[in-house]
Amino acid sequence: MTILSLEHVATSPWGVRLLDNISFNLEPGNILGVIGPNGAGKTSLLNLIAGDISLERGQLRLRDKPLARWRRRDLARHMAYLPQLSLLNFPYTVEEVILLGRSPHDTGTDIDRAILEEVLAVADVAHLAERLYTRLSGGEKQRVQLARVFTQIWQRGSLQGKLLLLDEPTAALDISHQQSTGAAIRDLADRGCAVVIVIHDFNAIAKLADQVIALNDGRQFAYGTPREVFTERLFEQVFAADVVIGEHPYRDQPMIIAR
Amino acid sequence: MSALRRARAWTIRNIALTRRGRAKGLIVALSGLLPLAMLLGLSNGAIALALTDVFDGLSHTLAGDAHSQSAVIVGHIRLPRVLLAAVMGATLGMSGAATQGLFRNPLADPSLIGVTAGASLGAALVIVLGEAFLRNSVGLQGYAGLTLVSAGAFVGGVISVLFVYRLASSRGGTSVATMLLAGIAITALAGALGSLLEFFADNQMLRRISLWKMGGLDGANYPRLWVASIVTCVVMIALPRYATALNALLLGESEARHLGIDVDRVKMALIIWVAIGVGTSVAMVGTIAFVGLVVPHMVRMLIGPNHHYLLPASALAGAILLLVADTVSRTAIAPTELPVGIITAIIGVPFFISLLRNRHHYGMQG
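By convention here, each chain's residues receive numbers from 1 onward along its written sequence. Key to labels: chains lettered from A, ligands numbered from 1, both in the order written. Reporting of local features is limited, given that this is a predicted model, to residues whose pLDDT is at least 70; pairs of side-chain atoms are given and counted only at 80 or more, and all residues count toward the totals for whole chains, interfaces and linings.

Looking now at the overall build of chain B. A count of helices and strands for chain B gives 15 helices and two strands. Each of the 366 residues in chain B was classed as buried or not, and the buried ones make up 50%. In chain B, the share of contacts with a sequence separation of at least 24, taken over all contacts with a separation of at least 6, comes to 77%. The way it works is that DSSP assigns letters per residue, a run of H or I at least four long becomes a helix, a run of E at least two long becomes a strand, and they are numbered from the N terminus. The exposure scheme places C-beta atoms from the backbone and then counts, for each residue, the other C-beta atoms within 10 Å of its own, assigning buried at 20 or more, exposed at 12 or fewer, and partly exposed in between. Residues are defined as contacting one another if the C-beta atoms placed from their backbone atoms lie within 7 Å.

Given below as structure tokens:
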């Protein structure tokens, strides 16, 4: 079953066309990378899928059911969204923040605690569990928020049917946590979770994503595997950047470096 | 690592480790303090009573034969007053906690959404215009007049909140930031209209308006207590049902929506309940400063922002604070009573300033 399908989707929530004619399908276990210059509509695309802005034209289906027909709580049990910025400035402990991810579920304290323990380890925040969120560094906060959205869709066994929306989840992270976070996201996908991820690091996308969609000015410039999408034409026309597209020395993936 | 840093790390760890335990402990401790504060209020006043007299008076009152002096003082004067202070303090404390959660601002106060200013205007309207008219035509006086002022205050408070809410709502939902600004605007407008009324009021009306504005529990009686208790019960049952939603709302509105919360419905419900609770308290005991602001803030410092504990603990602490403040107001320069609003402000303001100056100590930012 296709998790997420967009057909000729357009939206203009404040009278300005933010997205136009976007179409793609996302299958369980696949990771879709979203790239584009600043203001291209990457976050708008995530907001649209999350139901924050309404659809103007086209079809948006989650598990073959139009998004508008989903009940709010059901949706929250299947889809979690990590926004770019967190506004939280109340002194929750890290543990309390992460457990907020369980609020759409009625699984009970024991299961929630067990999930918390697993996710604390996955996001490498176990040592922070009892600290106050407001006292953490930017990167630590980001890992805690990531753990919160993991918690929201976490369950024993298969994650078939779950969808994760991540807006620049690694922007504030050091290189070691960028790598471990990438591995954690890949793990979730291997267990059946579908992921839509916005990252500016092309090499991270090449390593992580099964498909890539390139947005330019709200339109779909290209869609395909990283190898198909990463072309010199893309970097010239969309990013106005001068890059070299090479081969990764150890893995079968393209590698992008500044010329 | 220096001893100081070690001690600090230990404190931080302990704050977090035992937070749930502390929250439950605080609620138990406050539940124990509440009856003590009530006894304090019952035994102190213009005439100090020994605890045996208080229990004696209580048992006589419950038995229905309140004839001895202590029974009259306890049963007729102090008991309704003490209970009214407790229920209104609880309503103010819990409403304040809900307001701060809703606005995601630890410095928010129920008066920000216009309820206090609207209620003051409603009361002033009744005092200046309505009462003179009604007294001449219908012959209402004394007790009925007092009730009319309360009704005017309640209606004024609720109308101004609805107005603020309408101003901040658009097709895309309700913006809490706009609500704050609309609340300031409505407060200024109600204040100006109130001043206009005072300009045309005579001396006796002016004194009544200003005394009413200072807040006081001296009008306590059993009918008022019944109304206040029923409203408090309803608010105490209604608000905690939104504890999970309030917890999620602290993350941000869209984050709460992504966690399955119907944010717009929750916002509307919270505003209505807070307006009813605070509107009733302003109607019954006038404007009482800082209980709704300082109490939840203080409780949050001790047990963190989890509303499952914060709401009930704030209700208990609000009840205790108002009980103590009222006892002070009755005894400080007895037999003259000070308006309790003055006492809560005198206790509250220095405390609030010290909170502002030390907010980094407990992880509050912004």
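Residue and element names in this part refer to chain A. Of all five residues making up strand S3 (residues 31-35), five are buried, and the element is well covered by its neighbours. Here S3 shows two buried faces, one formed by Ile 31, Gly 33 and Ile 35 and the other by Leu 32 and Val 34. Two strands pair when backbone bridges link them, and S3 and strand S8 (residues 194-198) are joined in this way by four bridges, in the parallel orientation. Its bridge partner being in S8, Leu 32 is matched across the sheet by Val 196. Pairing between S3 and strand S9 (residues 211-216): four bridges, direction parallel. Whether two strands pair depends on DSSP finding at least two bridges between them.

Take the interface of chain B and chain A next. By a widely used convention, the size of an interface equals the accessible area lost when the partners come together. In this complex, chain B contributes 25 residues to the contact, which on the side of chain A involves 25 residues. For the side of chain B that touches chain A, the secondary structure elements donating two or more residues are helix H1 (3-17), helix H10 (243-249) and helix H11 (253-258) of chain B. Per element, the largest residue contribution to the side of chain B that touches chain A is four residues, and it comes from H1(B). When its residues are assigned to classes, the side of chain B that touches chain A shows ten nonpolar, eleven polar and four charged. Note that Gly is not counted as nonpolar here; it falls among the polar residues with everything else outside the nonpolar set of Ala, Val, Leu, Ile, Met, Phe, Trp, Tyr, Cys and Pro and the charged set of Asp, Glu, Lys and Arg.

Attention now moves to the confidence of the model for chain A. pLDDT is defined as a per-residue confidence score from the predictor, taking values between 0 and 100. Chain-level statistics for chain A give a pLDDT mean of 91 and a share of 100% at 70 or above. Taking the mean pLDDT of every element in chain A, the minimum, 88, falls on strand S12 (residues 254-258) of chain A and the maximum, 96, on S8(A).

Bringing the nonpolar core into the picture now. Connectivity within a nonpolar core runs through C-beta atoms within 7 Å, and the core itself is a set of buried Ala, Val, Leu, Ile, Met, Phe, Trp, Tyr and Cys residues. Of all hydrophobic cores here, the largest spans 181 residues; its most connected members are A:Val119, A:Leu164, A:Leu165, A:Val195 and B:Leu84. The element contributing the most residues to this core is helix H4 (residues 69-102) of chain B, with 16 residues.

Residues and elements named next belong to chain A. For Val 122, the location among the structural elements is in helix H4 (residues 109-122). Along the chain, Val 122 and Ser 180 lie 58 residues apart, while their C-alpha atoms are 8.4 Å from each other. Once you skip the residues sitting within four places of it in the chain, Val 122 turns out to touch Phe 150 and Ala 184.

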